[in-house]
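# Fold and geometry: a report
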Amino acid sequence: MNTLRVNTRTKIFAETGSALDATEINKIKTRAGSHDNIPKRDIDAAAFSYSKANPRPDPHNFVRSREGNGGTMIPKPKPVLTAAEIAQQNVKSKKPKLLTHPAFCPRPNPPNTELRRFYERGDLPIQIDHGGVANRLAWKVEIQKLDFHHYLPIFFDGLREQELPYAFVAEQGVMDMLEAGAHKVLPVIPQLIIPIKTALNTREKDVIVKVLKILQALVNCDVAVSGGAGLIGQALVPYYRQILPVLNVFINKNDNLGDKFDYGQRKRINLGELIIQTLEQLEVHGGEDAFINIKYLVPTYQSVVIY
């Protein structure tokens, strides 16, 4: 037996589509929501000094025969362009919005969430119940008996996931815990701020829409239950500085359809309208100090509470 030779093979975690695939989270060094990879414009040196960058002259750009002014100072008349030709030139010379407005550019969103780590390891007391109409989570333990300080931040950290089944597990897990254990959410609020902030800082539209819906459910979860004090909205007021700056960037991002119908209103994916609804819910349930703090970070917001 001592002469038995074993050749060890290197483990290759390729995404084969199998349920046994695992993510090599330890090798991911990119920070979610970082500003390192956003497109940047070239710095104009003339804006900060007297020096001016002169472009290199083109040797092929010179006046050819029958192109000059004929020894006079009167330039030749330029061709008159139609409105369609002017619009076409403007389209060709238009720079991409992600370069001219980098605030709207999506940030890195690496697949290194705690939910992915725990789910692949089998440490979450859930399994996906594939129903005929819609999927749901089958909990192996009663939700009221779970340690919310441990599990709820894990599910919130997974809200920035965009890959199935992690995105579904995170969103449905949060909604189930908020519905079944609303009285245990309030002490966990400080642990939820960093996952919410990280998810919003990715600036991915799908992620922001998902987080906004979760925020609305969060501030209303202890109001819906009998005997609920409705203190979660007030507990979020000190953390507006971490949550609201990204909402101020996208608050005007509405779908301008003109006189057309928006047949997808029930999906609630109109980002600007969803942000305004979320801010209204935060003000209604945030107490007397909510509006002044929202106004400080989102100056265009108007109050909906009548005092």
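Read on for an overview of the structure. (Residues numbered from 1 in each chain as written. Predicted model: local features only at pLDDT ≥ 70, side-chain atom pairs only at ≥ 80, totals over all residues. Heavy atoms only, no water.)

### What about the pairing of strand β2 (residues 136–139)?
When strand β1 (residues 126–129) meets β2, the two strands line up antiparallel, connected through four bridges. Paired with I126 across the bridge in β2 is W139. The hairpin formed by β1 and β2 contains six residues between the paired strands. (Pairing = 2+ DSSP bridges. Helix = DSSP H or I, 4+ residues; strand = E, 2+ residues; numbered from the N terminus.)

### Thoughts on the environment of L297
Turning to its location among the elements, L297 is positioned in helix α11 (residues 290–297). Given a relative accessible area of 16%, L297 falls into the buried group. If near-sequence neighbours (up to four positions away) are discounted, L297 is found in contact with Y240, R241, L244 and N248. (Buried < 20%, exposed > 50% of the residue type's maximum accessible area, 1.4 Å probe, protein only. Contact = heavy atoms within 4.5 Å.)

### Looking at the packing of helix α3 (residues 114–121) against helix α5 (residues 166–180)
Orientation of α3 relative to α5, taken along the N-to-C sense of each, is 105°, at an axis distance of 10 Å. Considering their axes alone, α3 and α5 lie roughly perpendicular with respect to each other. Contacts between α3 and α5 pair L115, R116, Y119 and E120 from the former with Y166, V169 and A170 from the latter. Tallied by class, residues from the contact of α3 with α5 come to five nonpolar, no polar and two charged. (Axes fitted to C-alpha atoms, helices over the stretch in contact; angles between N-to-C directions. Parallel < 35°, antiparallel > 145°, perpendicular 65-115°, else oblique. Nonpolar A, V, L, I, M, F, W, Y, C, P; charged D, E, K, R; others polar.)

### Digging into the layout of surface pockets
Taken as a whole, the second largest pocket holds about 170 Å³ of empty space. Contributing to the lining of the second largest pocket are D255, D262, G264, Q265, R268, I269, N270, E273, L274 and Q277. (1 Å grid on protein atoms, 1.4 Å probe; cavity = no way out; pocket = protein on both sides within 12 Å on 5 of 7 lines; lining within 4 Å. Points joined across faces, edges and corners; volume = space filled by probe spheres on them.)

### Some remarks on the nonpolar core
F155, M177, Y240, L244 and L279 are the most contacted members of the largest nonpolar core, which has 62 residues in total. The dominant element in this core, judged by the number of residues it contributes, is helix α7 (residues 205–224), at 11 residues. Leaving out residues up to four positions away in the same chain, F155 has contacts with L115, L124, I126, W139, V169, A170, G173, V174 and M177. (Core = buried A, V, L, I, M, F, W, Y, C linked by side-chain atoms within 4.5 Å.)

### Digging into unusual backbone geometry
Glycine aside, residues mostly have negative phi angles, and peptide bonds mostly take the trans form. Residue L164 is joined to P165 through a cis peptide bond whose omega torsion reads 5°. Position of P165 relative to the elements: it lies in the loop between α4 (148–157) and α5. Even without glycine at this site, R203 takes up a positive phi of about 60°. Residue placement: R203 occurs in the loop between α6 (189–201) and α7. Classification of R203 by relative accessible area gives buried; the value is 13%. Phi is positive for R268, which is not a glycine, with a value near 55°. As for its placement among the helices and strands, R268 is situated in the loop between α9 (240–250) and α10 (271–285).

### Considering the packing of aromatic side chains
Evaluated as defined, the whole model comprises five aromatic pairs. For the pair F261 and Y263, a centre-to-centre distance of 5.9 Å together with 40° between the ring planes defines the contact as tilted. With relative accessibility at 73%, the residue Y263 sits in the exposed group. The interplanar angle of 50° and the centroid separation of 6.2 Å between the aromatic rings of F291 and Y301 together place this pair among those described as tilted. With F291 in helix α11 and Y301 in the segment after α11, this residue pair connects regions lying 10 residues apart in the sequence. On the basis of relative accessibility, which here comes to 3%, the residue Y301 falls in the buried class. (Phe/Tyr/Trp six-rings, centres within 6.5 Å; stacked < 30°, edge-to-face > 60°.)

### Some details on α5
When the terminal C-alpha atoms of α5 are compared, their 21 Å separation across 15 residues agrees well with the 21 Å that a helix rising 1.5 Å per residue should span. Along α5, the positions that sit buried rather than exposed are Y166, A167, V169, A170, G173, V174, D176, M177 and L178. (Expected span 1.5 Å × (residues − 1).)

### Observations regarding the environment of S51
Topologically, S51 is positioned in the segment before α1 (83–93). Under the relative-accessibility criterion, S51 is labelled partly exposed at 40%.

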